[in-house]
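Structure assessment
Here are the chains, one letter per residue:
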Amino acid sequence: GTPDFAPYLAKAGATKADAVYAFFAGADGIRFVKQYKEFGLFEKLPLTGFNVLTDDTILPALGDAALGIVTIGGWSAALDTPDSKAFVADYEKVHKAWPTRYSETGWDSAQLLAITVDTLKGDLSDKNKVKDALKTSLPKVKAPRGRLEFDENRQVTAPVYIMRSEKQGGRIVNAIVERLP
């Protein structure tokens, strides 16, 4: 909810830091990125952050101010894999827009639930059977971001992507720079 980042940007500009890592989403992210560019800090301090900073949903509002920002996150509609490209094409056909990371995680979750319910033939009465079925169902999910697994704490692990905002085919996208398993 910060309307003016000027005091913070002035402080950042006076540091000897090598870069800035920011974690702002939505309207705050748009304001921060645009003000960062207006202050001319990008040339001095490269801007990095979690992928919400340049989320696919706000890239049109960020425009050229997003170019060159490096982020890390779970998925981008620009991911060039067969499963991701198919998901993006199907989604775009129905919704006339690119999917977001929220769409992708929702799709993964829906698949997991459907596979689990099918495995249990609709009987969700035994919590332990549901837990076991979730575990065996997760590897069957065709996640656009890549293979999903549960760790020892039953948290989903998935590939993570380093992205850079750039123009591709007339649109600004979060292009994949590197995949971390």
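Preceding block: the structure.
So, here's what we can say about the structure.

Calculation criteria
- Residues numbered from 1 in each chain as written.
- Predicted model: local features only at pLDDT ≥ 70, side-chain atom pairs only at ≥ 80, totals over all residues.
- Heavy atoms only, no water.
- Pairing = 2+ DSSP bridges.
- Helix = DSSP H or I, 4+ residues; strand = E, 2+ residues; numbered from the N terminus.
- Buried < 20%, exposed > 50% of the residue type's maximum accessible area, 1.4 Å probe, protein only.
- Arc of directions from axis to C-beta.
- Contact = heavy atoms within 4.5 Å.
- Polar contact = N/O pair within 3.5 Å; in protein donor to acceptor, adjacent residues only side chain to side chain.
- Phe/Tyr/Trp six-rings, centres within 6.5 Å; stacked < 30°, edge-to-face > 60°.
- Lys NZ or Arg CZ within 6 Å of the ring centre and 35° of its normal.
- Core = buried A, V, L, I, M, F, W, Y, C linked by side-chain atoms within 4.5 Å.
- Salt bridge = Lys/Arg side-chain N within 4 Å of Asp/Glu carboxyl O.

On to the pairing of strand β6 (residues 160–168). One ladder, built from 4 bridges, connects strand β3 (residues 70–73) with β6; its direction is antiparallel. By the bridge assignment for β6, T71 is matched with M163. Hairpin connection of β6 to strand β7 (residues 171–180): 2 residues between the antiparallel strands, including G169 at a positive phi of 55°.

This part is about helix α7 (residues 127–137). Turning to α7, its buried residues are V130, A133 and S137. Down the axis of α7, the sector holding all buried residues measures 65°, keeping them to one side. Exposed residues on α7 whose side chains face more than 90 degrees from its buried face are K127, N128 and K135. In the core, the buried residues of α7 are packed alongside α6 (101–119). N-cap assignment for α7: the residue whose side-chain oxygen lies 2.9 Å from the backbone N of N128 is D126.

With respect to the helices and strands, S137 occurs in helix α7. You can call S137 buried: its relative accessible area is 0%. Each residue touching S137, except ones within four places of it in the same chain, is listed here: L112, I115, T116 and T119.

What follows is about the packing of aromatic side chains. Tallied over the full model, the rule gives 8 aromatic pairs. Aromatic pair W75 and F87: ring centres 5.8 Å apart, planes at 70°, arrangement edge-to-face. Taken together, the positions of W75 in the loop between β3 and α5 (82–95) and F87 in helix α5 put the pair 12 residues apart, joining distant regions of the chain. In this pair, the class of W75 matches that of F87, namely buried. Cluster of aromatic residues (ring-pair linked, three or more members): F5, F24, F32 and Y36. Its guanidinium or amino end placed over the ring of W98, R171 lies 4.0 Å from that ring's centre, counting from NZ or CZ.

The tendency in soluble globular proteins is for nonpolar side chains to be buried side by side. Core analysis: the largest hydrophobic core is formed by 21 residues, its most contacted members being F32, V33, Y36, L47, L53 and L62. Contributing elements (two or more residues each) for this core: α1 (6–13), β1 (20–22), α2 (26–38), α3 (41–44) and α4 (59–62). Counting residues per element, this core draws most heavily on α2, which supplies 4 residues. When near neighbours in sequence (up to four residues on either side) are disregarded, L47 contacts V20, A22, F32, V33, Y36, F42, L53, I69 and V70. With 7 residues, the next largest nonpolar core counts A77, F87, Y161 and M163 among its residues.

In this section: the pattern of salt bridges. Counted according to the given criterion, the structure contains 9 salt bridges. K85 is paired through a salt bridge with D80; the nearest N and O atoms lie 3.3 Å apart. Residue R147 pairs with E149 through a salt bridge whose shortest N-O separation is 3.0 Å. Judged by relative accessible area, which is 39%, E149 ranks as partly exposed. In the salt-bridge network here, residues are joined through shared partners; they are E104, D108 and R145.

The next point concerns the side chain of T71. Structurally, T71 is set in strand β3. Owing to a relative accessible area of 2%, T71 belongs among the buried residues under this scheme. Engagement of the side chain of T71 in a polar contact is seen with the side chain of N51, the distance being 3.2 Å.

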